[in-house]
Amino acid sequence: MGRVALGVVPATTPNVLPTSLVGSYAQPDWLIDRERLRDRFPPRVRAKELWRIDPRYLEEAQDDATVVAIRDQERAGLDILTDGEQRRESYSNRFATALSGVDIENPGTALDRSGHPNPVPRVVGPIERRRSVQVRDVQFMCSNTSKPIKMTVPGPFTMSQQAQNDFYESDAELALAYAAAVHDEIADLFAAGADIVQIDEPYMQARPEKARTFGIAALTRALDGIEGTTAVHICFGYAAIIHERAAAPCDHISIETAQSNLDTSILETLPGKGIILGVIDLDSHEVETPETVAARIRRALPYKRPDELTAAPDCGMKYLPRAVAFGKLEAMVAGAATVRSEG
């Protein structure tokens, strides 16, 4: 399980307030057209036109960008690393379009979280995962850092809402099919050496009634029998489904508090769960001071012990300028160290 499976012992992480990305880190301008990326809603189908690199050399370039992301995290002092999602056009489309049963050449349409129509994968047959999607990503991470690593996968409920269902009788049935694929991917990621696997489920925030009706069941199916440390990241709007999330079989739940200034008393409703605490505001290019970060962490301490918290940005850092993203990571590490020193 974890890095031991590959014979590499991860570096020790602090028991109190380790630091980590939620998932993505800023991609280099030489790799992806960041202006075009910013001007469109995150793609649900493939968006190969965003890459600046000749397809013959793209994988090598993505590997190089991943090394840069790893080194930036190490230089900033993060305790748990991700690959920065450097190989992805969005957090979900790389995995979702790799599954069988999906027609990506003739996309469908679905409403995005803001209610606008968006091209999406069209489900025309049984959703199946016939091969691993991110196992090589884990292996590459393990060969380039000795620190613990976290990999992220899109959640089954979110993928069911980012698709046009032309096959299954209901979205609930579709979500369970996605859940089976996610489950098998997670199991393989742990076997390959991942220390933590996180499921991203932002559509649970946007569509809480559907999330309550069948989304939590799909998430539970995806995690059924999984052995390894797991996390779930949603987005704003926790109150609508917080009790259901508490019952989900995951170890950590990601809670955004910086931009939203969320009432952290809500953490009391999550007994037994570790909290990935969002303390970096991604809506601003201003780099926080370490004291600002420390103050955001302290807001959670009446409700969670320090050893139940991981400090992180609110969400992914994909759209930030690289210098801003790195500065924010340094501030986050320094702020966590300040609170850690206070006992």
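Notes on the structure in this doc start here. Because the structure is predicted, anything quoted here is derived from the model rather than measured.

**A short note on unusual backbone geometry**
Most peptide bonds are trans, and most residues other than glycine sit at a negative phi.
Here is step 1: Unlike most non-glycine residues, Glu 85 shows phi in positive territory, near 55 degrees.
Here is step 2: Turning to its location among the elements, Glu 85 is positioned in the loop between helix H2 (58-76) and helix H3 (93-96).
Here is step 3: The buried category is assigned to Glu 85, whose relative accessible area is 6%.
Here is step 4: Although it is not a glycine, Asn 261 sits at a positive phi angle of roughly 50 degrees.

**Some thoughts on the packing of aromatic side chains**
Here is step 1: Applying the stated criterion to the full structure yields two aromatic pairs.
Here is step 2: Ring geometry for Phe 167 and Tyr 168: centres 4.9 Å apart, planes at 85 degrees, overall edge-to-face.
Here is step 3: Over the face of the ring belonging to Phe 326 we find Arg 75, whose NZ or CZ atom lies 4.3 Å from the ring centre.
Here is step 4: Sitting over the face of the ring of Phe 140, Arg 87 holds its NZ or CZ atom 5.2 Å from the ring centroid.

**Re the pairing of strand S1 (residues 100-111)**
The side chains of a regular strand alternate, residue by residue, between the two faces of the sheet.
Here is step 1: Inspection of the sheet shows S1 paired to strand S2 (residues 117-128) by seven bridges, in the antiparallel sense. Bridge pairing in S2 links Val 102 to Val 123.
Here is step 2: Here S1 hands over to S2 after five residues, with Gly 115 in that stretch at a positive phi of 90 degrees.

**Let's talk about the pattern of salt bridges**
Here is step 1: Under the criterion given, the structure shown has 24 salt bridges.
Here is step 2: Here Asp 83 makes a salt bridge to Arg 87, at a shortest N to O gap of 3.7 Å.
Here is step 3: The exposure class of Asp 83 is buried, given its relative accessible area of 4%.
Here is step 4: In this structure, Arg 130 engages Glu 128 in a salt bridge whose closest nitrogen and oxygen atoms are separated by 3.5 Å.

**Quick notes on the sheet that holds S1**
Hydrogen bonds between backbone groups are what pair the strands of a sheet, and the pairing can be parallel or antiparallel.
Here is step 1: Read across the open sheet, the three strands follow the order S1-S2-S4; overall the sheet is mixed. Whereas interior strands pair on both sides, the edge strands pair on one side only; in this sheet they are S1 and strand S4 (164-165).
Here is step 2: The sheet strands contacting helix H6 (residues 171-192) are S1, S2 and S4, and the helix crosses S2 at an angle near 70 degrees.

**Side note on helix H11 (residues 322-341)**
Here is step 1: When the terminal C-alpha atoms of H11 are compared, their 29 Å separation across 20 residues agrees well with the 28 Å that a helix rising 1.5 Å per residue should span.
Here is step 2: What H11 keeps buried is the set Val 324, Ala 325, Phe 326, Gly 327, Lys 328, Leu 329, Ala 331, Met 332, Val 333, Gly 335, Ala 336 and Val 339.
Here is step 3: In the core, the buried residues of H11 are packed alongside H2, strand S8 (274-280), helix H10 (290-298) and strand S9 (309-313).
Here is step 4: Positive phi shows up at Gly 343, right after H11, with a value of about 75 degrees.

**Details of the sheet that holds strand S3 (residues 150-154)**
Here is step 1: Judged by pairing direction, the sheet is parallel, and its six strands sit side by side in the order S3-S5-S6-S7-S8-S9 without closing on themselves. What marks the edges here is a single partner per strand, and that holds for S3 and S9. Averaged over all pairs of adjacent strands, the angle between their axes in this sheet comes to 25 degrees, without regard to strand direction.
Here is step 2: The pairing of S8 with S9 spans five bridges and is parallel. Its bridge partner lying in S9, Gly 278 is registered against Ala 312.

The rules behind each value
- Residues numbered from 1 in each chain as written.
- Predicted model: local features only at pLDDT ≥ 70, side-chain atom pairs only at ≥ 80, totals over all residues.
- Heavy atoms only, no water.
- Helix = DSSP H or I, 4+ residues; strand = E, 2+ residues; numbered from the N terminus.
- Buried < 20%, exposed > 50% of the residue type's maximum accessible area, 1.4 Å probe, protein only.
- Phe/Tyr/Trp six-rings, centres within 6.5 Å; stacked < 30°, edge-to-face > 60°.
- Lys NZ or Arg CZ within 6 Å of the ring centre and 35° of its normal.
- Pairing = 2+ DSSP bridges.
- Salt bridge = Lys/Arg side-chain N within 4 Å of Asp/Glu carboxyl O.
- Contact = heavy atoms within 4.5 Å.
- Axes fitted to C-alpha atoms, helices over the stretch in contact; angles between N-to-C directions.
- Expected span 1.5 Å × (residues − 1).

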